[in-house]
Amino acid sequence: MAIATPEVYAEMIDRAKAGKFAYPAVNITSSQTITAAIQGFAEAESDGIIQVSVGGAEYASGSTIKDRVTGSLALAAYATEVAKKYDVTIALHTDHCAKQNLDSWVRPLLAIEAEQVKNGGLPTFQSHMWDGSSVPLDENLIIAEELLELSVAARTILEIEVGVVGGEEDGHTAEINDKLYTTVEDGLATVKALGAGEKGRYLTALTFGNVHGVYKPGAVKLRPSILADIQKAVGDAIGKENPFDLVFHGGSGSTLEEITEAVDNGVIKMNIDTDTQYAFTRPVVDHMFRNYDGVLKIDGEVGNKKAYDPRAWGKLAEAGMAQRIVEASQQLRSAGQKIR
């Protein structure tokens, strides 16, 4: 298998919605995290989504360069080659593009992809996210309309956010308050502006108390039932059952019960980042502590090359992150659901 084509990506979404499962969407920042993510999907026999944030894209271009388009294309190129060797299908996605980053990130990528399509090729990415949570809903949807039109030309799918996800993500911070809960009125306004697929397919992150990062039990109140309420109200209004393809943001640290209810209510994609970051880093820390005198040249000694070789701890990091993705796939019921 390999990177999904636009048709296969649409099939992935349709299969998830019909089968009531969701794909883990894993943030990546390097070749190692890409390998770890794809390895995890393969071990779970789950297709999946790997995604890059603006900070991840800048980091991938070189910490002294910080070119988010270059970094995005570089990560996509690596994933495209490596994915060919694994028996799962992977979709590529850009995550959380705020208004101030549109002209330097997603719009240029969409222009590149529109040119690729015009020349008879496939777009590099399968979807891009417009994060309009920091602007009024009217402005959010006006920009979304423009980006949806560009997405159609690029044969990509647009992801939008209607509501606010709390916490911090790549420098953008939102308070934890009532704005974390999308309303039925918000859902109706979205369909009025963007349609129900006839103007182009889009994914919708409706918020139900979501917060980026991980918090102790009780600090965050998720209400996945909001998703069912909005799906029904909007569906009744336009005569279409479960009209939204939903995205669960801030999935790290969520309980199995919360995840299950969200998927039952139409979620087909759940973002996990904080948990996979920890799962990648934890084995490295363990290796360094256990091999302290090997990774450092102490008291005039020479250390142990086998201990400080980046491949030694890198394999452990990849395995740790892959295992967390297997767990997520099982919780989201995508395990064993790969396209045959």
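Residues numbered from 1 in each chain as written. Predicted model: local features only at pLDDT ≥ 70, side-chain atom pairs only at ≥ 80, totals over all residues. Heavy atoms only, no water.

*Asks:* Which parts of the structure should I look at to understand the pattern of salt bridges?
*Replies:* Pairs can form between side chains of opposite charge whenever their charged atoms are close. Following the criterion strictly, the structure yields 16 salt bridges and no others. Here Lys-338 and Asp-87 are joined by a salt bridge, their closest N and O atoms 2.6 Å apart. Of this pair, Lys-338 sits in the segment after helix 13 (310–332) while Asp-87 is found in the loop between helix 4 (68–82) and strand 3 (90–97), placing the two residues 251 residues apart along the sequence. Take Asp-87: its relative accessible area is 45%, and that puts it in the partly exposed class. Across the pair Asp-264 and Arg-333 runs a salt bridge whose closest N-O atoms are separated by 2.7 Å. With Asp-264 in helix 9 (residues 256–264) and Arg-333 in the segment after helix 13, this pair connects stretches of sequence that are 69 residues apart. For Arg-333, a relative accessible area of 29% puts it in the partly exposed group. What you see here is one network of salt bridges that share partners, running through Asp-14, Lys-17, Arg-201 and Asp-245. (Salt bridge = Lys/Arg side-chain N within 4 Å of Asp/Glu carboxyl O. Helix = DSSP H or I, 4+ residues; strand = E, 2+ residues; numbered from the N terminus. Buried < 20%, exposed > 50% of the residue type's maximum accessible area, 1.4 Å probe, protein only.)

*Asks:* When you look at the environment of Glu-115 in this model, what are you seeing that I'm missing?
*Replies:* Inspection of the secondary structure puts Glu-115 in helix 5 (residues 102–118). The spacing of Glu-115 and Ala-154 is 39 residues in sequence and 7.7 Å in space, taken between C-alpha atoms.

*Asks:* Is there a simple way to explain unusual backbone geometry in this structure?
*Replies:* Outside of glycine, negative phi angles account for most residues, and trans bonds account for most peptide bonds. The residue His-96 is not glycine, and still its phi comes out positive at about 55°. Position of His-96 among the secondary structure elements: in strand 3. Even without being glycine, Asn-242 reaches a positive phi, approximately 45°. Judged by its relative accessible area of 30%, Asn-242 is partly exposed.

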